[in-house]
Amino acid sequence: SAVISQKPSRDICQRGTSLTIQCQVDSQVTMMFWYRQQPGQSLTLIATANQGSEATYESGFVIDKFPISRPNLTFSTLTVSNMSPEDSSIYLCSAVTGDGNYGYTFGSGTRLTVV
Amino acid sequence: DQQVKQNSPSLSVQEGRISILNCDYTNSMFDYFLWYKKYPAEGPTFLISISSIKDKNEDGRFTVFLNKSAKHLSLHIVPSQPGDSAVYFCAALSGYALNFGKGTSLLVTP
């Protein structure tokens with residue numbers, strides 16, 4: 001099955017700074033997704049990233065805060081901008097990798113702490 | 001608004017017994033449901049799924065039951081093993097997006 005490499009695995013950042021999270025898929029995929037899991041909460045979809053078009057953001061998430069890049073069919077980045085302690089969460093990328101069962105594969109996640 | 005709900009944050013079961021994890025949903029348009037298992041410091045991994053046209057799907061020790069009229073599904077693990085200790089997420093598919101519950105932390109004790 002497909003493998004998604006996500007980095008960094010964790011980081012501690014100062015408020016007001018930005019962090020870029022990278023996801024690399026070992027095969028070409030059309031759709032990639034970015035999720036956030038706040039403490040004690042479910043995974044919440046931030047945006048869908050398709051290659052060659054702008055990301056589609058869910059309600060409550062905006063491009064200025066969470067800019068996404070999708071330069072090719074195997075790679076995507078999510079930037080958490082102007083961070084505050086409320087941004088402390090686990091961020092996960094996912095892709096439809098066509099492995100069956102709708103083929104959703106997840107990266108290992110980035111645990112972000114903003115101080 | 002939480003469309004997928006897992007009302008039990010945790011569950012403890014003795015090894016060899018049955019584990020039953022429950023999930024409720026509110027959106028009748030969901031037509032595909034998945035269960036994911038997550039270990040600490042790892043991403044969720046797919047476990048088992050069920051289409052809304054079925055009421056049961058079985059894969060080894062794992063069985064998922066769907067009750068559409070009640071908008072309820074459950075995951076049965078029989079027999080439970082210590083290696084099953086993890087957080088289990090229920091998810092429902094809407095378009096291409098997965099809607100997740102908050103998860104249930106399962107602990108299987110020897």
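Going by the structure above, here's the rest.
Residues numbered from 1 in each chain as written. Chains lettered and ligands numbered in written order. Predicted model: local features only at pLDDT ≥ 70, side-chain atom pairs only at ≥ 80, totals over all residues. Heavy atoms only, no water.

1. So, the overall build of chain B
So, point 1. What chain B contains, in helices and strands, is zero helices and eleven strands.
So, point 2. Helices and strands appear in chain B in the N-to-C order β-β-β-β-β-β-β-β-β-β-β.
So, point 3. By the compact-globule yardstick of 13 Å for 110 residues, chain B fits well, its C-alpha radius of gyration being 13 Å.
So, point 4. Along the first, second and third principal axes, the C-alpha atoms of chain B reach 40 × 30 × 20 Å.
So, point 5. Taken across its 110 residues, chain B has 44% of its residues classed as buried.
So, point 6. Intrachain contacts of chain B at a sequence separation of at least 6 include 53% that bridge at least 24 residues.
So, point 7. For chain B, the exposed surface amounts to about 5300 Å²; the carbon and sulfur share of it is 49%.
So, point 8. Across chain B, the 10 positively charged side chains and the 9 negatively charged ones have centroids separated by 3 Å. (Helix = DSSP H or I, 4+ residues; strand = E, 2+ residues; numbered from the N terminus. Rg over C-alpha atoms; globule rule 2.2 N^0.38 Å. Buried < 20%, exposed > 50% of the residue type's maximum accessible area, 1.4 Å probe, protein only. Contact = heavy atoms within 4.5 Å. Areas by Shrake-Rupley, 256 points an atom, 1.4 Å probe, with all protein chains shown as cover. Lys, Arg positive; Asp, Glu negative; His and termini not counted. Charge placed at Lys NZ, Arg CZ, Asp CG, Glu CD.)

2. A word on unusual backbone geometry
So, point 1. That bond from Lys-7 of chain A to Pro-8 of chain A is cis: its omega, 0°, falls within 30 degrees of zero.
So, point 2. Following the sequence through the fold, Pro-8 of chain A ends up in the loop between β1 (4-7) and β2 (10-13).
So, point 3. Here the bond from Val-78 of chain B into Pro-79 of chain B is cis, since omega is -10°, no more than 30 degrees from zero.
So, point 4. Position of Pro-79 of chain B among the secondary structure elements: in the loop between β8 (72-77) and β9 (86-94).
So, point 5. Positioned with a positive phi, Asn-82 of chain A is a non-glycine residue whose angle comes to about 45°.
So, point 6. The phi dihedral of Ala-41 of chain B is positive, around 65°, even though this residue is not glycine.
So, point 7. Positionally, Ala-41 of chain B belongs in the loop between β4 (32-38) and β5 (45-51).

3. Considerations on the side chain of Arg-70 of chain A
All names here are of chain A.
So, point 1. Considering the arrangement of structural elements, one finds Arg-70 in strand β7 (residues 68-72).
So, point 2. Of the side chains with opposite charge, Asp-26 lies nearest to the buried Arg-70, which makes no salt bridge, at 11 Å.
So, point 3. In terms of polar contacts, Arg-70 uses its side chain to reach the backbone carbonyl oxygen of Ala-49, at 3.0 Å.
So, point 4. Among the polar contacts made by the side chain of Arg-70, one reaches the main-chain carbonyl oxygen of Leu-73 at a distance of 3.2 Å.
So, point 5. Excluding anything up to four places from it in sequence, Arg-70 contacts Val-29, Thr-30, Met-31, Met-32, Ala-49, Asn-50, Gln-51, Gly-52, Phe-75 and Ser-76. (Salt bridge = Lys/Arg side-chain N within 4 Å of Asp/Glu carboxyl O. Polar contact = N/O pair within 3.5 Å; in protein donor to acceptor, adjacent residues only side chain to side chain.)

4. Observations concerning the state of the cysteines
Residues and elements named next belong to chain A.
So, point 1. Within this structure, the stated rule accounts for two disulfides over all chains.
So, point 2. Paired through a disulfide, Cys-23 and Cys-93 show a sulfur-sulfur distance of 1.8 Å. Across the S-S bond of Cys-23 and Cys-93 the torsion is about -90°, and the bridge reads as left-handed. Placement of the pair is Cys-23 in strand β3 (residues 19-25) and Cys-93 in strand β9 (residues 89-96), with a sequence separation of 70 residues. (Disulfide = S-S within 2.5 Å.)

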